[in-house]
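Chain by chain, the residues run as shown.
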Amino acid sequence: MLPDVYRHLCAFLDVRYRTEDPHSNQSKWRGLHSPAMNMFIRAAQYACMLLGHVLERQAGPGAARAALRQLEASMSSGRKLFRLGNMVHAMVAARQTIQLPDLVPRICLTASNLIRALYFICDTVLWLKSVGLLPHIYKWKWRNWATKCYYYSLLMNLTRDLYEISWLLEQAAEKEKAKENSFPWDTQDQDLICLETERQSQPFLPLLYCTLKKHPPLLLDTTKNLCDLSSPLDRLGIYKTNPGIIGLCGLLSSLVGILTIAKPHLKLK
């Protein structure tokens, strides 16, 4: 019954968002193939995984657990269909990021987008296998390749995040030193107050906290990439965990993605 509810909900959302004002600039919210709809379905998929793990730990009804697993599988297959055109988007993004002036972000983001394009190719092959168009391929091998591509893409994104954080920390440290040398008794800057009160006991953590507090897009992007790492780490056997942790991390990552779509100024440029 739950997969039928999922299909009806998707149809309802598709009709609803396609009947919005066609001249509106909120096109990212219209249609099931939009990033927003994909994020909503992704959040629901990981919520089902998390809820199914909780029910399993508490010896919940077997029928409910089976229905949640079936709903999760339906959402996963549906998202593969929605991602069929994302390979082109990844290539276009790589063409844009290769023109960035800063070397490290240019290398990291271009490599990430190219690897994501490979991931979407593997994802498309897996979808064709699931619908019976490529019945003779080795599913485990393609799934392993897709997971590795996803993992390396996340590592590139995290490398860029760490570079941005280290650069901001260096700038903040230089600013603090300049302020201390020029105006040792100035208490106008609240960020410097935060740094000064904890500087003696914990010199790095308060600096990191104040820096990320002033740059929410970087904090959200780093959080999202760290949460997304849980799934490939588990599948590749690098760090085994359980469906509850993967579901929770995936849900948090999806909520961050929805937030950055709803408020574009929170998306890391």
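Refer to the structure printed above.
Residues numbered from 1 in each chain as written. Predicted model: local features only at pLDDT ≥ 70, side-chain atom pairs only at ≥ 80, totals over all residues. Heavy atoms only, no water.

Caption draft 1: Up close: the pattern of salt bridges. Summed over all chains, the structure comprises six salt bridges. Taking the shortest distance from any N to any O, the salt bridge between Lys-80 and Asp-123 comes out at 2.9 Å. Of the two residues, Lys-80 sits in helix α3 (residues 62–82) while Asp-123 sits in helix α5 (residues 103–130), which places them 43 residues apart along the sequence. Salt-bridge contacts for Asp-123 lead to Arg-83; the nearest nitrogen and oxygen are separated by 2.8 Å. With Asp-123 in helix α5 and Arg-83 in the loop between α3 and α4 (86–97), this pair connects stretches of sequence that are 40 residues apart. (Salt bridge = Lys/Arg side-chain N within 4 Å of Asp/Glu carboxyl O. Helix = DSSP H or I, 4+ residues; strand = E, 2+ residues; numbered from the N terminus.)

Caption draft 2: Structural detail: empty space enclosed by the protein. Per the stated rule, a full pass over the model turns up two cavities of 30 Å³ or more. Size it by volume and the second largest cavity reaches roughly 40 Å³. Taken together, Arg-42, Tyr-46, Tyr-150, Cys-227, Asp-228, Ser-230, Ser-231, Ile-246 and Gly-250 form the lining of the second largest cavity. Of all the elements in the fold, those that place two or more residues in the lining of the second largest cavity are α2 (35–57), α9 (216–228), α10 (230–235) and α11 (243–262). Grouping the amino acids of the lining of the second largest cavity by side-chain chemistry returns four nonpolar, three polar and two charged. (1 Å grid on protein atoms, 1.4 Å probe; cavity = no way out; pocket = protein on both sides within 12 Å on 5 of 7 lines; lining within 4 Å. Points joined across faces, edges and corners; volume = space filled by probe spheres on them. Nonpolar A, V, L, I, M, F, W, Y, C, P; charged D, E, K, R; others polar.)

Caption draft 3: Layout of the environment of Pro-243. The topology assignment puts Pro-243 in helix α11. Measuring from C-alpha to C-alpha, the distance between Pro-243 and Gly-52 comes to 8.5 Å, with 191 residues separating the pair along the chain. The contact partners of Pro-243, leaving out residues within four places of it in the chain, are Met-49 and His-53. (Contact = heavy atoms within 4.5 Å.)

Caption draft 4: Summary view of the state of the cysteines. What the rule picks out here adds up to zero disulfides. Not part of a disulfide, Cys-227 finds its nearest cysteine sulfur in Cys-249, a span of 4.9 Å. The class for Cys-227 is buried, based on a relative accessible area of 11%. (Disulfide = S-S within 2.5 Å. Buried < 20%, exposed > 50% of the residue type's maximum accessible area, 1.4 Å probe, protein only.)

Caption draft 5: Representation of α11. Helix length check: α11, at 20 residues, gives a terminal C-alpha distance of 28 Å against a target of 28 Å (1.5 Å per residue), a fit within 8%. Of the residues that open α11, the one with a side-chain oxygen 2.9 Å from the backbone nitrogen of Gly-244 is Asn-242. (Expected span 1.5 Å × (residues − 1). Polar contact = N/O pair within 3.5 Å; in protein donor to acceptor, adjacent residues only side chain to side chain.)

Any functional reading would require information that these geometric values do not contain.
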